[in-house]
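Remarks on the overall topology
What follows is each chain in one-letter form.
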Amino acid sequence: MENNADQNHGLFLKSIKWLWRLFSSARLAIVLILIIAVLSIIGIFTSADLFSSWYFIAIGALLMLNILICNINRWKGIQKYLEGGRIKQSEDFFNKQDKTTAIRDLQYDATEVSQAAKSILQKRGYRLRLEKDHDDTYIAADKNRFFILGTYLTHLSIILLVLAYIIGSTLGFRESAFIVAEGATEELGYDTGLSLQLISFTDSYYEDGTPSDYNSEVILYNDGVEVVRTAIRVNYPLNYEGIRFFQSFFGPAAVIQVTKNGETVFSDNLALYRSFDSYGYYRNIGFIDIEESKLSLAIITPSFNAPDPMIPEGQLAVLAYKDGVELGVHLLQKMTPLEIDDVILTYESEAQYSGFQVKSDPANALVWIACSLFIIGLAMVFYFPHSQMWLLIKSISPGNSRLLVRVKDSKTFNNTDNTAALNDSVSGIEKRLKENNSNQREVPHG
Amino acid sequence: MDSLESIALVLSIASVVIAIVLSLVAFIRKRKQDVHHTQETSKAAVSTKSAFDIASGITVIITILLITTAIVSRAIETGHGPFSNMYEFALAFSWGIILAGFIFHLRYKTGSLLNISLIIALLLLIFARVQYTPPNSLIPALQQSALLSAHVASAVVAYGTLTIGFIAAVLYLIQNKYQSPWLPDLEVLDNITYKSVIIGFPFLTLLIVLGALWADIAWGRYWGWDPKETASLVTWLIYAAYMHTRLLKGWKGVRASILLIAGFIAIAFTFFGNYIFSGLHSY
Ligand code: HEM
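Just so it is clear, the structure is predicted and the values come from calculations on it, not from any experiment.

Rules and cut-offs
Residues numbered from 1 in each chain as written. Chains lettered and ligands numbered in written order. Predicted model: local features only at pLDDT ≥ 70, side-chain atom pairs only at ≥ 80, totals over all residues. Heavy atoms only, no water. Pairing = 2+ DSSP bridges. Helix = DSSP H or I, 4+ residues; strand = E, 2+ residues; numbered from the N terminus. Axes fitted to C-alpha atoms, helices over the stretch in contact; angles between N-to-C directions. Contact = heavy atoms within 4.5 Å. Buried < 20%, exposed > 50% of the residue type's maximum accessible area, 1.4 Å probe, protein only. Phe/Tyr/Trp six-rings, centres within 6.5 Å; stacked < 30°, edge-to-face > 60°. Lys NZ or Arg CZ within 6 Å of the ring centre and 35° of its normal. Domains from an automatic or database assignment. Buried area = accessible area lost by both parts, 1.4 Å probe. Salt bridge = Lys/Arg side-chain N within 4 Å of Asp/Glu carboxyl O. Nonpolar A, V, L, I, M, F, W, Y, C, P; charged D, E, K, R; others polar. pLDDT = per-residue confidence, 0-100. Expected span 1.5 Å × (residues − 1). Near = heavy atom within 4 Å. Polar contact = N/O pair within 3.5 Å; in protein donor to acceptor, adjacent residues only side chain to side chain. Parallel < 35°, antiparallel > 145°, perpendicular 65-115°, else oblique. Left-handed = near helix turned anticlockwise from the far one by under 90°.

Residue and element names in this part refer to chain A. In spatial order, the strands read E1-E20-E19-E3-E2; together these 5 strands make up an open sheet with antiparallel pairing. Two strands in the sheet have a free side with no partner beyond their single neighbour: strand E1 (101–106) and strand E2 (127–133). Between one strand axis and the next, the sheet turns through 15° on average, direction left out of account. Relative to strand E20 (residues 400–407), E1 runs antiparallel, the two being bridged by 6 bridges. Pairing of Arg-104 across the sheet is with Leu-403, part of E20. Helix H3 (residues 54–83) rests against E2, strand E3 (136–143) and strand E19 (387–397) of the sheet, and its axis sits at about 75° to E2.

A few words on the side chain of Thr301(A). Residues and elements named next belong to chain A. Looking at where Thr-301 falls in the secondary structure, it is placed in the loop between strand E14 (295–300) and strand E15 (316–322). According to the relative accessible area criterion, Thr-301 is buried, its value standing at 7%. Excluding anything up to four places from it in sequence, Thr-301 contacts Pro-252, Leu-272, Arg-283, Asn-284, Asp-308, Ile-311 and Leu-316.

With that settled, consider the packing of aromatic side chains. Enumeration over the complete set of coordinates arrives at 32 aromatic pairs over all chains. A ring pair is formed by Phe104(B) and Tyr108(B), whose centres lie 6.0 Å apart and whose planes are at 20°; its orientation type is stacked. Here Phe104(B) pairs with Tyr108(B), and both are found in helix H4 (residues 86–108), just 4 residues apart, close to one helical turn. Tyr108(B) gets classed as buried once you look at its relative accessible area, which sits at 15%. Between Trp214(B) and Trp219(B), the aromatic rings sit 5.3 Å apart at their centres with planes inclined by 55°, giving tilted as the arrangement. Judged by its relative accessible area of 4%, Trp214(B) is buried. Taking the relative accessible area as the measure of exposure, Trp219(B) reaches 24% and is therefore partly exposed. By way of ring pairs, the aromatic residues Phe89(B), Phe93(B), Phe127(B), Tyr159(B), Phe271(B) and Phe272(B) are connected into one cluster. Note that Lys143(A) overlies the ring of Tyr126(A), its terminal NZ or CZ placed 4.9 Å from the centroid.

Residues and elements named next belong to chain B. Domain boundaries in chain B define domain 1 (1–137) and domain 2 (147–283). Across the contact, 30 residues belong to domain 1 and 29 residues belong to domain 2. Between domain 1 and domain 2, the buried area comes to about 2,600 Å², and carbon and sulfur atoms account for 84% of it. The largest contributions to the domain 1 side of the interface with domain 2 come from Phe-83, Met-86 and Phe-89, which together make up 25% of the buried area. Along the contact surface separating domain 1 from domain 2 lie 0 salt bridges. At the level of elements, helix H1 (2–40), H4 and helix H5 (111–130) are the ones that each hand at least two residues to the side of domain 1 that touches domain 2. Ranked by residue count, the leading element in the side of domain 1 that touches domain 2 is H4, at 12 residues. A class-by-class count of the residues in the side of domain 1 that touches domain 2 yields 20 nonpolar, 9 polar and 1 charged.

Let us now look at the domain arrangement of chain A. The domains assigned to chain A are domain 1 (12–81 + 157–167), domain 2 (87–143 + 385–441) and domain 3 (173–360). Domain 1 of chain A and domain 3 of chain A are separated by 47 Å when their C-alpha centres are compared.

Our focus in this paragraph is the confidence of the model for chain A. Of the residues in chain A, 96% reach a pLDDT of 70 or more, and the chain-wide mean stands at 89. Put simply, helix H7 (residues 415–442) of chain A is where chain A has its lowest mean pLDDT, 82, and helix H6 (residues 364–383) of chain A is where it has its highest, 96.

This next bit is on H5(B). With 20 residues, H5(B) should reach 28 Å at 1.5 Å per residue; the first-to-last C-alpha distance of 29 Å fits that figure. By the criterion of burial, H5(B) is predominantly enclosed, with 14 of the 20 residues buried.

Moving on, we come to the pairing of strand E13 (residues 281–290) of chain A. All names here are of chain A. Note: strand E12 (residues 274–278) against E13, 5 bridges, orientation antiparallel. Across the sheet, Phe-276 pairs through a bridge with Arg-283, a residue of E13. Counted between consecutive antiparallel strands, the loop separating E12 from E13 contains 2 residues, among which Tyr-279 sits at a positive phi close to 50°. With 6 bridges connecting them, E13 and E14 associate as antiparallel partners. Its bridge partner lying in E14, Asp-289 is registered against Ser-296. Taking the residues that link successive antiparallel strands as the turn, the E13-E14 hairpin has 4 residues, and the phi of Lys-294 there is positive, at about 55°.

Near the ligand there are 21 residues, and of these Cys70(A), Thr151(A), Thr154(A), His155(A) and His244(B) occur at the shortest range. Nearby residues around the ligand are contributed by chains A and B. Separating an oxygen atom of the ligand from a side-chain N or O atom of Arg74(A) is a distance of 3.3 Å. At a separation of 2.7 Å, a nitrogen atom of the ligand approaches a polar side-chain atom of His244(B). Mapped by element, the contributors of at least two residues to the shell around the ligand are helix H2 (26–45), H3, helix H5 (150–171) and H6 of chain A together with helix H8 (227–249) of chain B. For the shell around the ligand, the element with the most residues is H3(A), which contributes 5 residues. When grouped by side-chain class, the residues that make up the shell around the ligand number 13 nonpolar, 7 polar and 1 charged.

With that settled, consider the packing of H5(A) against H6(A). All names here are of chain A. At their nearest, the axes of H5 and H6 sit 7 Å apart, and the two run at 160° to each other. Here H5 is positioned roughly antiparallel relative to H6, judged by the angle of their axes. Crossing of H5 against H6: the hand is left-handed. Within the contact between the two elements, H5 uses Gly-150, Thr-151, Leu-153, Thr-154, Ser-157, Ile-158, Leu-160, Leu-161 and Ala-164 and H6 uses Leu-366, Val-367, Ala-370, Cys-371, Leu-373, Phe-374, Ile-376, Gly-377, Leu-378, Met-380 and Val-381. For the contact of H5 with H6, the class distribution of residues is 15 nonpolar, 5 polar and no charged.

Residue and element names in this part refer to chain B. Structurally, Thr-78 can be placed in helix H3 (residues 51–78). Between the alpha carbons of Thr-78 and Pro-134 there is a distance of 9.7 Å; along the sequence they are 56 residues apart. Look past the residues within four positions of Thr-78 in its chain and what remains in contact with it is Glu-88 and Pro-135.

For the rest of this paragraph, the subject is the interface of chain B and chain A. The partner chain A presents 52 residues to the 50 residues of chain B that form the contact. When the two sides are added together, the surface that chain B and chain A hide from each other amounts to roughly 4,400 Å², 65% of it contributed by carbon and sulfur. For chain B, the biggest contributors to the area lost against chain A are Pro140(B), Tyr222(B) and Trp225(B); these three give 15% of the whole. At the boundary of chain B and chain A, one finds 14 residue pairs in polar contact (both at pLDDT 80 or more). Put simply, the parts of the chain that give the side of chain B that touches chain A at least two residues each are helix H7 (186–219) and H8 of chain B. For the side of chain B that touches chain A, the element with the highest residue contribution is H7(B), accounting for 19 residues. Considered class by class, the residues forming the side of chain B that touches chain A number 34 nonpolar, 9 polar and 7 charged.

Laid out in structure tokens, this is it:
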């Protein structure tokens, strides 16, 4: 029994290790990134539903796990870079004889060469760490070491972005058709206690007929108390404590009064916000329910895409149902009372309604923070590349020394640039030595 | 204003053609010299500039100034940056490609790269001329001038440099196969592709982020899987894949070039996407 448990335990550990290795692999990352790219292309041509499918989300989740484990795994290596690694390298290390190494025999004392090397490298912005061994000097130089932390910004900001998206879509809400007619006040709901009154809506057009502005003058109430009075326009949403109202669409409304036995049973500006197609004529429609009479009234506008053969301009059609039974269609003229069953309808005036999108996203700021961090991280890694150089200055005899230099063959920093940095440093050192010497010659001896 | 804009556009097309001819001549003369001189191993003679070099350089600068004139006079007329239709964007894009090609040429002395970027820019300028749209008034959603101008500016930098990366990648594949003395060394080409991504990728990211920011302000949704948005995400993912294969798997050369070509196809697809799918974007 015990043996069996041990075995299970071992198997468990083994599979955890295997999973860890799998998710810290760059190959998996590349494969996942390409799979998401391919799925996205398919999504473009088929339907956006793909992006909420279980397999798309699953691949995305795997990539997030991949990023997380990959970055945890890299921490040890990064730490080594931050410390700077070993200073003393063997002579073989410098003997690569390619573009990453340089060896110079110099007719100067080793101390003079190491002085020149130190000052040149410092001038180039390198951090230096030295070790002496008899007359030989070992130098490890590095530059921009803290900027490698930028990779954490790029990767973790992606996880942050995804988290922000999830938080926003679970804790927040989106109302994509919040409709308010002119003069009316509507409650937003979602336990916000907010209601919005539309004072007026204006749509303006350029001379050529393209729209130039959609403007809703509104008052926002919180638990019945006026809190904001402003205009909502496209690109200028109303933001109240993180709940944002966006101008989205608009349409016709009608101020209608309904009386029954001389008592008003309905009096409001009715948004005719639904449009429907009947034999190629598009009309808008809105509904009034009169419970007292079990009446349901559908109020219909003239067609907006072509001259209407049935409903004259400036009038409305009323389709009435009582208890689900159709009573017939009537035309409703402005300020001309119309009797249907036991109620009287009056069409007082034309108006408009305005449609808003309302969005509450508690993580909205986080989205933009994550995006900024990603770009900052990219800039850190790309424009402040980490580079490392090792030098060995060997004393051969008084007045003779050998300078050995090797630059890190890094993939982030392009090798062409590494070679350039190497050559620049070596020639800088040589130049400095020459200058020092000619200066000395110029100084007259005491 | 209108006439200055179209005069500048027509002149810039003429001037690109002249620049292409001049730099082709300069390029051919220099390569002949190169081949000749490598036998005599005289490096000094090779680096001297011919009159054609100088003339083509000046013509390229004139072209850039002419396109700038067209863009600026258009912007003065419309009161906003070049973001309201394909004509304006093609103009800005051609400007970005020539400028990027010229800067990379100054830095890496690669005449062939400059030539091809001039040819691509010429095609775009002709496209712009054909697509010419008189200034149209901005619909409310596009009345976000600062943000959208920054959005297009990032696109110009990103697409301009990544186009150069694409050209270098294609040249890499050719050079890898034929080892032509006419084309830059493989190492130089590879370096150019990498540098183009180092500049292009952050701006590509900025482009997408600014687009999302605009969508958030205009509609309250920063991401909606709209085809154009998704296409730009695909582009971004391809370049992310390039970074990872390069940094982690050491992919250089052929395989890296193929990825960059795929990335450029994605860019072209995103750019011309509104002819393929309909979306909210006007360009
Ligand atoms: C869509 C997801 C990803 C994006 C956009 C992304 C982005 C980047 C970028 C731009 C770089 C180069 C610059 C830098 O180091 O910051 C990079 C490097 C790197 N990425 Fe990613 N990455 C993603 C996913 C991953 C995953 C899942 C892994 C885990 C295997 C990973 C591991 C690495 C590593 C190890 C480097 C090299 C850093 C270096 O040595 O300089 N990345 N990534």
